[in-house]
Amino acid sequence: MNLSFNFIKSVSNIYDEMIDNGFSLVYLGEFSHEITRMFTSMAESDMEKNSEERSVQRKVYHVMVETLQNMNKHSEEIQERNIGKGLFIIGKKHETYYIITSNKVARKHKDHLENALITVNNASLEELKEMYKRQIREGNLSDKGGAGLGLIDIARKTGEPLNYQFLQLDDQNFFFILKVEINAKKFAKD
């Protein structure tokens, strides 16, 4: 690799963007259970080092696990070892943690996923609680091993809408971006 001026400038720009947006971890690649454990351990260590309250740490940890498991199970780029691929970012800015995940989603799965996101975002906390209970009782596993609980549980735990985008990659695939926010002040104990 040639360390040309343009390459160095690009790295510098990425670094500046990461600092400006409070990114503490950015990863692009495969998502196995081992990688999930490593990321959650790194995030926990970072939050403890910054004296974050345990209640906030638990929320962030829970959302990280859910989003990483969703990518591991539902990415269209699942490899022969049943390991998904995607992008994972965690950061904190202005007392709000955010977790951003991105992965490829097939056109045939987009509408179902988008409808689930719309339903979750339009539900009250009480409705989310009932949806969760109903899904536990009646939910069927999808062909990828999910019971549809992840998005409901994330919305219940954060009390915030799930921000998302679908960017069309080609005729058959979309790039799905999910951003989850956890307001540290909201969950800190007084």
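Higher on the page you've got the structure.
Structural notes on the pairing of strand E5 (residues 173-183)
For strand E3 (residues 96-106) and E5, the ladder comprises 11 bridges, and the chain directions are antiparallel. Following the sheet pairing, threonine 96 is matched in E5 by asparagine 183. Where strand E4 (residues 163-168) lies against E5, six bridges are found, and the strand directions are antiparallel. When the sheet's bridge partners are listed, leucine 167 is paired in E5 with phenylalanine 175.

Concerning unusual backbone geometry
A positive phi angle, close to 55°, is found at histidine 94, a residue other than glycine. Structurally, the position occupied by histidine 94 is in the loop between strand E2 (84-93) and E3. Since its relative accessible area comes to 69%, histidine 94 is described here as exposed. Although it is not a glycine, glutamate 95 adopts a positive phi angle of roughly 65°. Within the element layout of this structure, glutamate 95 appears in the loop between E2 and E3. What makes glutamate 95 partly exposed here is its relative accessible area of 37%.

A look at the nonpolar core
By size, the foremost hydrophobic cluster in this structure holds 36 residues, and its most contacted members are Val60 and Phe88. At six residues, helix H3 (residues 54-74) tops the list of elements feeding residues into this core. With residues up to four places along the chain from it excluded, the contact list for phenylalanine 88 reads Leu25, Val26, Tyr27, Phe31, Phe39, Met64, Thr67, Leu68, Met71, Ile99, Ile100 and Thr101.

Comments concerning the packing of aromatic side chains
The geometry of an aromatic ring pair is captured by the separation of the ring centres together with the interplanar angle, meaning the angle of the planes. What the rule picks out here adds up to eight aromatic pairs. Where tyrosine 27 meets phenylalanine 31, the ring centres are 5.3 Å apart and the plane angle is 90°; that geometry is what we call edge-to-face. Given a relative accessible area of 22%, tyrosine 27 falls into the partly exposed group. A relative accessible area of 0% means that phenylalanine 31 is categorised as buried. Ring geometry for tyrosine 27 and phenylalanine 39: centres 5.0 Å apart, planes at 65°, overall edge-to-face. In this pair, tyrosine 27 is assigned in strand E1 (residues 23-31) and phenylalanine 39 in helix H2 (residues 33-49), connecting sequence segments 12 residues apart. Since its relative accessible area comes to 2%, phenylalanine 39 is described here as buried. Taken together, Tyr27, Phe31, Phe39 and Phe88 form an aromatic cluster joined through their ring pairs. The ring of phenylalanine 166 has lysine 110 lying over it, and the distance from NZ or CZ to the ring centre is 5.1 Å. When the ring centre of tyrosine 98 is taken as origin, the NZ or CZ atom of lysine 179, which lies over that ring, is 5.5 Å away.

Observations regarding helix H6 (residues 149-158)
Burial within H6 is extensive, with eight of its 10 residues counted as buried. Within the span of H6, buried status applies to Leu149, Gly150, Leu151, Ile152, Asp153, Ile154, Ala155 and Thr158. One or two positions beyond H6, positive phi appears at glycine 159, with a value near 70°.

Some details on the pairing of E3
Along E3, 10 of the 11 residues are buried, which leaves the element largely enclosed by surrounding structure. Where E2 and E3 come together, seven bridges link them in antiparallel fashion. Across the sheet, isoleucine 90 pairs through a bridge with isoleucine 99, a residue of E3. If you look at the hairpin formed by E2 and E3, you'll find two residues sitting between the two strands, and histidine 94 has a positive phi there, around 55°.

Basis of the calculations
Residues numbered from 1 in each chain as written. Predicted model: local features only at pLDDT ≥ 70, side-chain atom pairs only at ≥ 80, totals over all residues. Heavy atoms only, no water. Pairing = 2+ DSSP bridges. Helix = DSSP H or I, 4+ residues; strand = E, 2+ residues; numbered from the N terminus. Buried < 20%, exposed > 50% of the residue type's maximum accessible area, 1.4 Å probe, protein only. Core = buried A, V, L, I, M, F, W, Y, C linked by side-chain atoms within 4.5 Å. Contact = heavy atoms within 4.5 Å. Phe/Tyr/Trp six-rings, centres within 6.5 Å; stacked < 30°, edge-to-face > 60°. Lys NZ or Arg CZ within 6 Å of the ring centre and 35° of its normal.

So far we have only geometry, and geometry alone does not tell us how the molecule works.
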